[in-house]
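Given next are the chains, with one letter for each unit.
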Amino acid sequence: MGGANLDQPGTRLPPALGYLRFNTTFRIQADGTAVGGFTWDGRADTLADQARRPFLSSNEMANPDVASVVTKLSKAPYAAAFKATFGADIFNNPIVAFDRMVLALERYQREDADFAAFSSKFDAFTAGKTAFNGAELRGLVLFNRKDKGNCAACHPSTKAANAPGALFTDFTYDSLGVPRNNSIAANADAGYFDLGLCGPTRSDLAARSDLCGKFKVPSLRNVALRKRFFHNGQFDSLEQVVRFYVSRDTSATTWYSLDAMGNATGYDDLPVDLRGNVNVTEGPYNRLVGDAPALNESEVQDLVAFLRTLSDGYAP
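From a predicted model like this one, the values you see are computed outputs, not experimental measurements. (Residues numbered from 1 in each chain as written. Predicted model: local features only at pLDDT ≥ 70, side-chain atom pairs only at ≥ 80, totals over all residues. Heavy atoms only, no water.)

K.L.:
Please clarify how the pattern of salt bridges should be interpreted in this entry.
P.N.:
In a structure, side chains of opposite charge can pair up when their charged atoms sit close to one another. For the structure on display, the rule yields 19 salt bridges. Linking E136 and K121 is a salt bridge whose minimum nitrogen-to-oxygen distance equals 2.9 Å. Within this pair, whereas E136 is found in helix α6 (residues 134–144), its partner K121 is found in helix α5 (residues 121–126), the two being separated by 15 residues in sequence. We classify K121 as buried; its relative accessible area is 14%. We note a salt bridge from R180 to D269, for which the minimum N-O separation is 2.8 Å. Residue R180 is found in the loop between β3 (173–174) and β4 (215–216), and its partner D269 is found in the loop between α8 (252–255) and α9 (297–307); the two are separated by 89 residues along the sequence. An identical accessibility class is assigned to R180 and D269; each is buried. Members of the salt-bridge network, linked through shared partners, are R12, D41, R43 and D194. (Salt bridge = Lys/Arg side-chain N within 4 Å of Asp/Glu carboxyl O. Helix = DSSP H or I, 4+ residues; strand = E, 2+ residues; numbered from the N terminus. Buried < 20%, exposed > 50% of the residue type's maximum accessible area, 1.4 Å probe, protein only.)

Given below as structure tokens:
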């Protein structure tokens, strides 16, 4: 809960901030693929722009304006250091001071090693400094195999061209048909839908119905440290997430609300006319009711074991 009185609910899970220094500004490529940008819908072009938003958001810090933020900043214990960096009269111009503040936040995220440590067991394994156990090694294979987890299709496990190691995201967007989270207050309105790239938070792509329901592909680094998953926080364990990926359409009644006849209302967090945007062509989503899931339960556990090797701070 946020807002001036800490009583205003949000609509999305806060995105992780790690490894974002390797991201780019938002763009739509020639083939129509959306890539880059910050936040779940890419509406911020830089980390500074992303840092700017919570200060003035009505359901986050809820400051009334830039001037009020800068007034608080000028009274902070580090105000003298801020002036030493940006000028003795920096607080006399609130617009400039606010810009310097979010610039400082961006530089912190880009320069501090903790935001991109590359210090996981996976990194030690790829450097030849440790070995995976059987479950972790099997999980890595399942992660990469196109006919099994196929996670690497959007979360590449190979070294990125612009980074010291694998980033486990291609910074694109996808529509996965994640089930509606009824604990989100806005969802009490049956007509409310969070459509990612085409709104309601982002407005410039509202006419691009082909992008509706698509959200940023997050990095899987440190994913095992998270308490909730997906843009709407619907799941609270990695096991749930992997089971959803591999049995979304083979066992739809497990994941979606049921209609009066007891049938699953598939992709129930999207309007009916936009459910065709959900990814059903790539594995493991390309299965139908009655098919076997791409992974059995033993393989789910192996894949989760591998995902746990992506947490930073590993000490052999």
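Next, the rest of the story.
K.L.:
Sorry if this is basic, but what is going on with α9 here?
P.N.:
Helical geometry note: an α-helix holds 3.6 residues per turn, so side chains three or four residues apart project in the same direction. α9 sits mainly inside the fold: eight of its eleven residues count as buried. Turning to α9, its buried residues are E299, V300, D302, L303, V304, A305, F306 and L307. Of the surrounding secondary structure, the elements contacted by the buried residues of α9 are α5, α6 and α7 (238–247). Capping of α9 at its N-terminal end is provided by N296; its side-chain oxygen lies 3.1 Å from the backbone amide nitrogen of S298. (Contact = heavy atoms within 4.5 Å. Polar contact = N/O pair within 3.5 Å; in protein donor to acceptor, adjacent residues only side chain to side chain.)

K.L.:
I would appreciate a short explanation of the side chain of N150 in the present structure.
P.N.:
Along the chain, N150 falls in the loop between α6 and β3. For N150, a relative accessible area of 11% corresponds to the buried category. Dropping the residues within four chain positions of it, N150 is found in contact with L142, F143, R145, E282, G283 and P284.

K.L.:
Looking at this structure, how should I read the packing of aromatic side chains?
P.N.:
Aromatic ring pairs are reported here in terms of the distance separating the ring centres and the angle at which the planes meet. For the structure shown, the criterion picks out 23 aromatic pairs. Judged by centre distance (6.0 Å) and plane angle (80°), the ring pair of F122 and F306 falls under edge-to-face. With F122 in helix α5 and F306 in helix α9, the pair connects residues that are 184 residues apart, well separated along the chain. Neither F122 nor F306 differs from the other in exposure class; each is buried. The cationic tip of R180 hangs over the ring face of F193; the distance from NZ or CZ to the ring centre is 5.0 Å. (Phe/Tyr/Trp six-rings, centres within 6.5 Å; stacked < 30°, edge-to-face > 60°. Lys NZ or Arg CZ within 6 Å of the ring centre and 35° of its normal.)

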